[in-house]
Amino acid sequence: DARVTQTPRHKVTEMGQEVTMRCQPILGHNTVFWYRQTMMQGLELLAYFRNRAPLDDSGMPKDRFSAEMPDATLATLKIQPSEPRDSAVYFCASGLSSEGDQPQHFGDGTRLSIL
Amino acid sequence: GDSVTQMEGPVTLSEEAFLTINCTYTATGYPSLFWYVQYPGEGLQLLLKATKADDKGSNKGFEATYRKETTSFHLEKGSVQVSDSAVYFCALTGPGGFKTIFGAGTRLFVKA
(Lines give C-alpha, C1' and ligand atoms only; values in the text may rest on other atoms or scores of the structure.)
Protein backbone atom coordinates (compact mmCIF):
# COMPACT_ATOMS: atom_id res chain seq x y z
CA ASP A 1 0.00 0.00 0.00
CA ALA A 2 1.18 3.51 -0.80
CA ARG A 3 1.91 5.58 2.28
CA VAL A 4 2.61 9.16 3.25
CA THR A 5 6.15 9.35 4.63
CA GLN A 6 7.17 11.87 7.25
CA THR A 7 10.67 12.60 8.54
CA PRO A 8 11.97 12.80 11.15
CA ARG A 9 9.67 10.68 13.33
CA HIS A 10 11.01 12.31 16.48
CA LYS A 11 12.80 15.61 17.06
CA VAL A 12 14.06 17.08 20.32
CA THR A 13 15.72 20.48 20.22
CA GLU A 14 16.20 23.60 22.26
CA MET A 15 14.05 26.67 21.96
CA GLY A 16 15.23 29.15 19.38
CA GLN A 17 16.44 26.46 16.98
CA GLU A 18 15.07 26.02 13.48
CA VAL A 19 13.00 22.89 12.91
CA THR A 20 12.23 21.44 9.48
CA MET A 21 9.72 18.63 9.01
CA ARG A 22 9.38 16.84 5.68
CA CYS A 23 6.58 14.96 4.02
CA GLN A 24 6.45 12.80 0.91
CA PRO A 25 2.81 12.59 -0.22
CA ILE A 26 1.40 9.59 -2.03
CA LEU A 27 2.31 9.66 -5.71
CA GLY A 28 -0.53 11.13 -7.75
CA HIS A 29 -2.21 12.92 -4.87
CA ASN A 30 -2.73 16.62 -5.55
CA THR A 31 -3.67 17.94 -2.10
CA VAL A 32 -1.39 18.12 0.95
CA PHE A 33 -2.36 19.11 4.47
CA TRP A 34 -0.35 19.90 7.60
CA TYR A 35 -1.96 19.31 11.01
CA ARG A 36 -0.80 19.74 14.58
CA GLN A 37 -2.14 17.49 17.36
CA THR A 38 -1.94 18.21 21.08
CA MET A 39 -3.86 16.91 24.06
CA MET A 40 -5.28 20.36 24.81
CA GLN A 41 -6.22 21.56 21.30
CA GLY A 42 -6.78 18.28 19.52
CA LEU A 43 -6.21 18.19 15.76
CA GLU A 44 -5.61 21.62 14.20
CA LEU A 45 -5.26 22.33 10.48
CA LEU A 46 -2.21 24.50 9.88
CA ALA A 47 -2.00 24.77 6.07
CA TYR A 48 -2.96 23.03 2.87
CA PHE A 49 -1.94 22.92 -0.75
CA ARG A 50 -3.63 21.97 -3.98
CA ASN A 51 -1.48 21.20 -7.01
CA ARG A 52 1.46 22.58 -4.98
CA ALA A 53 -0.19 25.99 -4.57
CA PRO A 54 -0.84 27.13 -0.98
CA LEU A 55 -4.56 27.65 -0.50
CA ASP A 56 -4.88 28.44 3.15
CA ASP A 57 -2.33 28.86 5.92
CA SER A 58 -4.53 30.79 8.31
CA GLY A 59 -4.03 28.14 10.97
CA MET A 60 -0.31 28.85 11.26
CA PRO A 61 1.48 31.46 13.35
CA LYS A 62 2.87 33.44 10.40
CA ASP A 63 5.76 34.99 12.22
CA ARG A 64 7.48 31.68 12.90
CA PHE A 65 5.89 28.96 10.73
CA SER A 66 6.23 28.47 7.00
CA ALA A 67 5.01 25.72 4.68
CA GLU A 68 6.17 25.02 1.15
CA MET A 69 6.00 22.44 -1.62
CA PRO A 70 9.19 22.74 -3.65
CA ASP A 71 8.00 19.89 -5.85
CA ALA A 72 5.19 17.37 -6.07
CA THR A 73 7.07 14.78 -3.99
CA LEU A 74 8.05 17.01 -1.07
CA ALA A 75 6.25 19.25 1.38
CA THR A 76 8.04 21.03 4.22
CA LEU A 77 6.95 22.71 7.42
CA LYS A 78 9.49 24.96 9.12
CA ILE A 79 9.48 26.61 12.52
CA GLN A 80 11.97 29.40 13.16
CA PRO A 81 12.54 30.21 15.95
CA SER A 82 10.97 27.30 17.82
CA GLU A 83 9.30 27.73 21.21
CA PRO A 84 8.29 25.20 23.91
CA ARG A 85 4.59 25.74 23.05
CA ASP A 86 5.30 24.29 19.59
CA SER A 87 5.80 20.85 21.17
CA ALA A 88 3.22 18.58 19.54
CA VAL A 89 2.81 15.85 16.96
CA TYR A 90 2.75 17.24 13.43
CA PHE A 91 0.93 15.23 10.76
CA CYS A 92 1.04 15.49 7.02
CA ALA A 93 -1.81 14.09 4.95
CA SER A 94 -2.38 13.84 1.21
CA GLY A 95 -5.41 13.20 -0.94
CA LEU A 96 -7.18 13.64 -4.25
CA SER A 97 -9.43 16.63 -4.73
CA SER A 98 -12.55 15.65 -6.60
CA GLU A 99 -16.08 15.95 -5.31
CA GLY A 100 -15.13 15.85 -1.65
CA ASP A 101 -15.68 12.11 -1.39
CA GLN A 102 -12.03 11.11 -1.19
CA PRO A 103 -10.40 10.51 2.21
CA GLN A 104 -7.13 11.94 3.41
CA HIS A 105 -4.14 9.65 3.94
CA PHE A 106 -2.06 10.48 6.98
CA GLY A 107 1.59 9.90 7.73
CA ASP A 108 2.66 8.66 11.15
CA GLY A 109 3.68 12.12 12.27
CA THR A 110 6.70 13.95 13.63
CA ARG A 111 6.76 14.11 17.42
CA LEU A 112 8.41 17.43 18.26
CA SER A 113 9.71 18.41 21.68
CA ILE A 114 11.09 21.90 22.24
CA LEU A 115 13.04 22.22 25.47
CA GLY B 1 -19.61 27.18 8.86
CA ASP B 2 -19.44 23.42 8.73
CA SER B 3 -18.87 21.58 12.00
CA VAL B 4 -18.77 18.10 13.54
CA THR B 5 -19.75 17.23 17.12
CA GLN B 6 -19.00 13.83 18.58
CA MET B 7 -19.52 12.40 22.03
CA GLU B 8 -16.87 13.07 24.59
CA GLY B 9 -14.79 10.24 25.87
CA PRO B 10 -13.23 8.25 27.13
CA VAL B 11 -15.59 5.38 26.51
CA THR B 12 -14.68 2.24 28.46
CA LEU B 13 -16.21 -1.10 27.50
CA SER B 14 -15.64 -4.75 28.23
CA GLU B 15 -14.66 -7.06 25.42
CA GLU B 16 -17.65 -8.22 23.30
CA ALA B 17 -19.80 -5.25 24.38
CA PHE B 18 -21.80 -3.18 21.89
CA LEU B 19 -20.29 0.13 20.85
CA THR B 20 -21.97 3.35 19.80
CA ILE B 21 -20.11 6.63 19.30
CA ASN B 22 -22.44 9.47 18.43
CA CYS B 23 -21.62 12.02 15.74
CA THR B 24 -23.73 14.90 14.44
CA TYR B 25 -22.82 17.48 11.87
CA THR B 26 -23.75 20.88 10.49
CA ALA B 27 -23.11 21.51 6.81
CA THR B 28 -24.63 23.09 3.74
CA GLY B 29 -25.60 20.77 0.94
CA TYR B 30 -24.68 17.10 1.02
CA PRO B 31 -21.26 16.51 2.54
CA SER B 32 -19.33 13.26 2.47
CA LEU B 33 -18.96 11.72 5.94
CA PHE B 34 -16.05 9.75 7.33
CA TRP B 35 -14.88 7.89 10.40
CA TYR B 36 -11.14 7.75 10.99
CA VAL B 37 -9.30 5.73 13.66
CA GLN B 38 -5.99 6.57 15.31
CA TYR B 39 -3.96 3.90 17.10
CA PRO B 40 -1.20 4.91 19.55
CA GLY B 41 1.85 6.35 17.83
CA GLU B 42 0.21 6.39 14.40
CA GLY B 43 -1.58 8.79 12.12
CA LEU B 44 -5.30 8.76 11.43
CA GLN B 45 -6.51 6.16 8.98
CA LEU B 46 -9.82 5.86 7.21
CA LEU B 47 -12.20 3.41 8.85
CA LEU B 48 -15.29 3.92 6.68
CA LYS B 49 -17.15 6.53 4.69
CA ALA B 50 -20.55 7.37 3.21
CA THR B 51 -21.10 9.88 0.45
CA LYS B 52 -24.87 10.28 0.22
CA ALA B 53 -27.97 10.09 2.39
CA ASP B 54 -28.96 6.60 3.63
CA ASP B 55 -25.62 5.13 2.56
CA LYS B 56 -24.09 2.73 5.08
CA GLY B 57 -20.32 2.58 5.38
CA SER B 58 -18.82 -0.54 6.90
CA ASN B 59 -15.39 -1.99 7.62
CA LYS B 60 -13.88 -4.43 10.15
CA GLY B 61 -17.26 -4.94 11.83
CA PHE B 62 -17.87 -1.19 12.24
CA GLU B 63 -20.87 0.46 10.60
CA ALA B 64 -22.28 3.96 10.25
CA THR B 65 -25.34 5.19 8.34
CA TYR B 66 -25.60 8.66 6.77
CA ARG B 67 -28.81 10.13 8.22
CA LYS B 68 -29.71 13.38 6.51
CA GLU B 69 -32.92 13.92 8.51
CA THR B 70 -31.07 13.84 11.84
CA THR B 71 -27.70 15.09 10.47
CA SER B 72 -26.00 12.15 12.15
CA PHE B 73 -23.39 9.51 11.37
CA HIS B 74 -23.16 7.34 14.48
CA LEU B 75 -20.46 4.65 14.63
CA GLU B 76 -21.49 1.18 15.83
CA LYS B 77 -19.91 -2.21 16.35
CA GLY B 78 -21.69 -5.25 17.69
CA SER B 79 -18.82 -6.80 19.64
CA VAL B 80 -15.67 -4.85 20.43
CA GLN B 81 -12.23 -6.34 20.94
CA VAL B 82 -9.27 -5.16 22.98
CA SER B 83 -7.54 -4.35 19.69
CA ASP B 84 -10.27 -1.75 18.94
CA SER B 85 -8.88 0.50 21.67
CA ALA B 86 -8.03 3.72 19.85
CA VAL B 87 -9.25 7.26 19.21
CA TYR B 88 -12.11 7.61 16.72
CA PHE B 89 -12.70 10.78 14.69
CA CYS B 90 -15.87 11.71 12.83
CA ALA B 91 -15.28 14.02 9.86
CA LEU B 92 -16.97 15.66 6.88
CA THR B 93 -15.94 17.17 3.57
CA GLY B 94 -18.29 19.57 1.85
CA PRO B 95 -19.53 18.86 -1.69
CA GLY B 96 -16.92 19.80 -4.25
CA GLY B 97 -14.45 20.53 -1.47
CA PHE B 98 -11.31 18.89 -0.21
CA LYS B 99 -10.80 20.47 3.19
CA THR B 100 -12.03 18.07 5.88
CA ILE B 101 -13.61 19.13 9.16
CA PHE B 102 -12.76 16.77 12.03
CA GLY B 103 -14.54 16.20 15.31
CA ALA B 104 -12.62 16.34 18.57
CA GLY B 105 -12.13 12.57 18.72
CA THR B 106 -13.47 9.94 21.14
CA ARG B 107 -11.06 7.69 22.97
CA LEU B 108 -12.20 4.08 23.37
CA PHE B 109 -10.75 1.68 25.93
CA VAL B 110 -11.73 -1.99 25.70
CA LYS B 111 -10.97 -4.19 28.73
CA ALA B 112 -10.33 -7.92 28.46
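No experiment lies behind these values; they were computed from the predicted model shown. Within each chain, residue numbers correspond to sequence positions counted from 1 in written order. To label them, take the chains in the order written and letter them from A, then take the ligands in the order written and number them from 1. Given that this is a predicted model, residues contribute local features only at a pLDDT of at least 70 and side-chain atom pairs are listed and counted only at 80 or more, while totals for whole chains, interfaces and linings are drawn from all residues. Excluded from the side-chain calculations are hydrogens and water; all other atoms, namely the structure's heavy atoms, are used.

Colleague: I'd like to hear about the interface of chain A and chain B, residue by residue, with values.
Modeller: We call two residues contacting when some pair of their heavy atoms lies within 4.5 Å. Facing the 23 residues of chain A at the interface are 21 residues of chain B. Between chain A and chain B lies a buried interface of about 1,700 Å² when both sides are counted; carbon and sulfur atoms form 58% of it. Salt bridges are defined as contacts in which a side-chain nitrogen from Lys or Arg sits within 4 Å of a carboxyl oxygen from Asp or Glu. Between the two partners, chain A and chain B, sit zero salt bridges. Pairs of N or O atoms are called polar contacts if they sit within 3.5 Å, as long as, within protein, a hydrogen donor faces a hydrogen acceptor (for residues adjacent in sequence, only side-chain-to-side-chain pairs). Our enumeration of links across chain A and chain B arrives at six residue pairs in polar contact (both at pLDDT 80 or more). Put simply, the parts of the chain that give the side of chain A that touches chain B at least two residues each are β4 (31-38), β5 (42-50) and β6 (53-56) of chain A. In terms of residue class, the side of chain A that touches chain B is made up of nine nonpolar, eight polar and six charged. Summed over both partners, buried area is the accessible surface (1.4 Å probe) that two parts give up on being assembled. In DSSP terms, a helix is any run of H or I states spanning at least four residues, a strand is any run of E spanning at least two, and both are numbered starting from the N terminus. Think of it as three bins: nonpolar holds Ala, Val, Leu, Ile, Met, Phe, Trp, Tyr, Cys and Pro, charged holds Asp, Glu, Lys and Arg, and polar takes everything else, Gly as well.

Colleague: Describe the pattern of salt bridges, listing the residues and the values that go with them.
Modeller: Residue and element names in this part refer to chain A. Under the defined criterion, the tally for this structure stands at nine salt bridges over all chains. Here Arg-36 ties to Glu-44 by a salt bridge, and the two come within 3.2 Å at their closest N and O atoms. Looking at Arg-36, the relative accessible area reads 12%, which means it is buried. For each residue, the accessible area found with a 1.4 Å probe, counting protein chains only, is set against the maximum for its type, and the residue is called buried under 20%, exposed over 50%, and partly exposed in between.

Colleague: Give a detailed account of the pairing of strand β8 (residues 62-65) of chain B, specifying residues and quantitative values.
Modeller: All names here are of chain B. Pairs of strands are assigned from DSSP output, requiring at least two bridges between the strands. Judged from the four bridges that link them, strand β7 (residues 56-59) and β8 form a sheet pairing that is antiparallel. Each bridged residue has a counterpart across the sheet, and for Asn-59 the counterpart in β8 is Phe-62. Hairpin remark: β7 followed by β8, antiparallel, with two residues in the connecting loop; positive phi at Lys-60, about 50°. Pairing of β8 with strand β9 (residues 75-77) involves three bridges; the strand directions are antiparallel. Bridge assignment links Glu-63 to a residue of β9, and that residue is Glu-76.

Colleague: Describe the state of the cysteines, listing the residues and the values that go with them.
Modeller: In this description, the term disulfide denotes a pair of cysteine sulfurs within 2.5 Å. Considering all chains together, one arrives at two disulfides over all chains under this definition. Between the sulfur of Cys23(A) and that of Cys92(A) lies a disulfide, 1.9 Å long from S to S. Taking the sign of the torsion about the S-S bond as the criterion, the disulfide between Cys23(A) and Cys92(A), at about -60°, is left-handed. With Cys23(A) in strand β3 (residues 19-24) and Cys92(A) in strand β9 (residues 88-95), this pair connects stretches of sequence that are 69 residues apart. This pair shows no difference in class: Cys23(A) is buried, exactly as Cys92(A) is. Residue Cys23(B) pairs covalently with Cys90(B) via a disulfide, S to S 1.9 Å. Handedness here is read from the sign of the S-S torsion; for Cys23(B) and Cys90(B), about -70°, the answer is left-handed. Of this pair, Cys23(B) sits in strand β4 (residues 23-26) while Cys90(B) sits in strand β10 (residues 86-93), placing them 67 residues apart in sequence.

Colleague: Account for the side chain of Arg36(A), naming residues and giving values.
Modeller: Counting through the fold element by element, Arg36(A) comes out in strand β4. When near neighbours in sequence (up to four residues on either side) are disregarded, Arg36(A) contacts Gly42(A), Leu43(A), Glu44(A), Leu46(A), Phe65(A), Asp86(A), Ala88(A), Val89(A) and Tyr90(A).

Colleague: Could you give an account of the environment of Glu8(B), with specific residues and numbers?
Modeller: Here Glu8(B) is to be found in the loop between β1 (3-6) and β2 (11-14). For the pair Glu8(B) and Gly105(B), spaced 97 residues apart in sequence, the C-alpha to C-alpha distance is 7.6 Å.

Colleague: Summarise the sheet that holds strand β8 (residues 74-79) of chain A; cite the residues concerned and give the values.
Modeller: Residues and elements named next belong to chain A. The sheet built from four strands is open, its strands ordered β1-β3-β8-β7 with antiparallel pairing. Each of the sheet's edge strands pairs with one partner strand only, and the pair in question is β1 (5-7) and β7 (65-71). On average, adjacent strands in this sheet sit at an angle of 20° to one another, irrespective of strand direction. Of the pairings in the sheet, the one linking β1 to β3 comprises three bridges and is antiparallel in character. A fitted line through C-alpha atoms represents every axis, and for helices the fit uses only the stretch in contact; the resulting angles, taken between N-to-C directions, go from 0 to 180 degrees.

Colleague: Quick one: what's the story with the packing of aromatic side chains, residue by residue and with numbers?
Modeller: Side-chain rings of Phe, Tyr and Trp, where Trp is taken by its six-membered ring, are said to pair if the distance between their centres is within 6.5 Å; with planes under 30 degrees apart they count as stacked, over 60 as edge-to-face, and otherwise as tilted. Evaluated as defined, the whole model comprises 11 aromatic pairs over all chains. Between the aromatic rings of Phe33(A) and Tyr35(A), the centroid separation amounts to 6.3 Å while the plane-to-plane angle is 25°, which identifies the pairing as stacked. In terms of burial, Phe33(A) and Tyr35(A) fall into one category: buried. Residues Phe91(A) and Phe106(A) carry aromatic rings whose centres are separated by 6.3 Å and whose planes lie at 75° to one another, so their mutual orientation is edge-to-face. Residue Phe91(A) is located in strand β9, and its partner Phe106(A) is located in strand β10 (residues 105-106); the two are separated by 15 residues in the primary sequence. What makes Phe91(A) buried here is its relative accessible area of 1%. Take Phe106(A): its relative accessible area is 8%, and that puts it in the buried class. Among the aromatic residues, ring-to-ring pairing joins Phe33(A), Tyr35(A), Tyr48(A), Phe91(A), Phe106(A), Phe34(B), Tyr36(B) and Phe102(B) into one connected group.

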